[in-house]
Amino acid sequence: MSLDEWAKNGWLRPHKPSKEEITNLFEIVDRDLADVSAKGLSDDWKFGIAYNAALKLCTILLHCSGYRAEKNLAHYRTLQALPLILGKEHESNADYLDACRKKRNETEYDLPGNISANEAKELIEFCSELKQEVRAWLKKNHKNLA
């Protein structure tokens, strides 16, 4: 499927991003990636903060592609749009982020202490790499928003 087909299904709605909006989203990502190194944070919180950064990076991609996810399943759709925007080689990344979404929800609402230090570190590193890729994509495809 394509983003246009998702929109026809009612999963997305049109969105016109501004440079200020994209700048603010990147500032949230930068804040989150800085905050995960604060002393005294549990691995659960580090993971949750890193998940938020990943979600914002996918939001940047979706918004710059001219769409916003509808409220129903918004996180899921935003993450699953990753390979539709960056290419099929990112399907496993979308699957990884969806697994992180589920784990974060479980940890946030039902099962504290469910995140290992390694899982938090892995997601933080993933976000740092994805941030560079999103910036490069933005410069190539939407210079006016970069």
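About the cut-offs
Residues numbered from 1 in each chain as written. Predicted model: local features only at pLDDT ≥ 70, side-chain atom pairs only at ≥ 80, totals over all residues. Heavy atoms only, no water. Axes fitted to C-alpha atoms, helices over the stretch in contact; angles between N-to-C directions. Helix = DSSP H or I, 4+ residues; strand = E, 2+ residues; numbered from the N terminus. Parallel < 35°, antiparallel > 145°, perpendicular 65-115°, else oblique. Left-handed = near helix turned anticlockwise from the far one by under 90°. Contact = heavy atoms within 4.5 Å. Nonpolar A, V, L, I, M, F, W, Y, C, P; charged D, E, K, R; others polar. 1 Å grid on protein atoms, 1.4 Å probe; cavity = no way out; pocket = protein on both sides within 12 Å on 5 of 7 lines; lining within 4 Å. Points joined across faces, edges and corners; volume = space filled by probe spheres on them. Polar contact = N/O pair within 3.5 Å; in protein donor to acceptor, adjacent residues only side chain to side chain.

Topic: the packing of helix α3 (residues 43-64) against helix α7 (residues 117-141)
In step 1: Where α3 meets α7, the axes come as close as 9 Å, and the angle between the chain directions of the two elements is 20 degrees. Viewed along their axes, α3 and α7 adopt a mutual orientation that is roughly parallel. Both α3 and α7 take part in a crossing whose hand is left-handed. Contacts from Asp43, Lys46, Phe47, Ala50, Tyr51, Ala53, Ala54, Leu57, Cys58, Ile60, Leu61 and Cys64 in α3 reach Ala117, Glu119, Ala120, Leu123, Ile124, Cys127, Leu130, Lys131, Val134, Trp137 and Leu138 in α7.
In step 2: Here the contact of α3 with α7 is composed, by residue class, of 19 nonpolar, no polar and 4 charged.

Re the layout of surface pockets
In step 1: Its boundaries defined by the atoms lining it, the largest pocket holds a volume of some 240 Å³.
In step 2: What lines the largest pocket is a set of 13 residues, among which His63, Arg68, Ala69, Ala74 and Thr78 lie closest to the centre.
In step 3: When contributions to the lining of the largest pocket are tallied by element, the ones reaching two or more residues are α3, β2 (67-69) and α4 (74-80).
In step 4: If one sorts the elements of the lining of the largest pocket by residue count, α3 sits on top with 5 residues.
In step 5: Class assignment for the residues of the lining of the largest pocket results in 4 nonpolar, 4 polar and 5 charged.
In step 6: Within this model, the second largest pocket holds a volume of roughly 190 Å³.
In step 7: Forming the walls of the second largest pocket are Met1, Trp6, Tyr76, Arg77, Gln80, Pro83, Leu84, Lys88 and Glu91.

Side note on the side chain of His63
In step 1: Assignment of secondary structure puts His63 in helix α3.
In step 2: One polar contact links His63 to His15, side chain to side chain, over a distance of 3.4 Å.
In step 3: Those residues in contact with His63 that lie beyond four places of it in its chain are His15, Pro17, Glu21, Ile22, Leu25 and Arg68.

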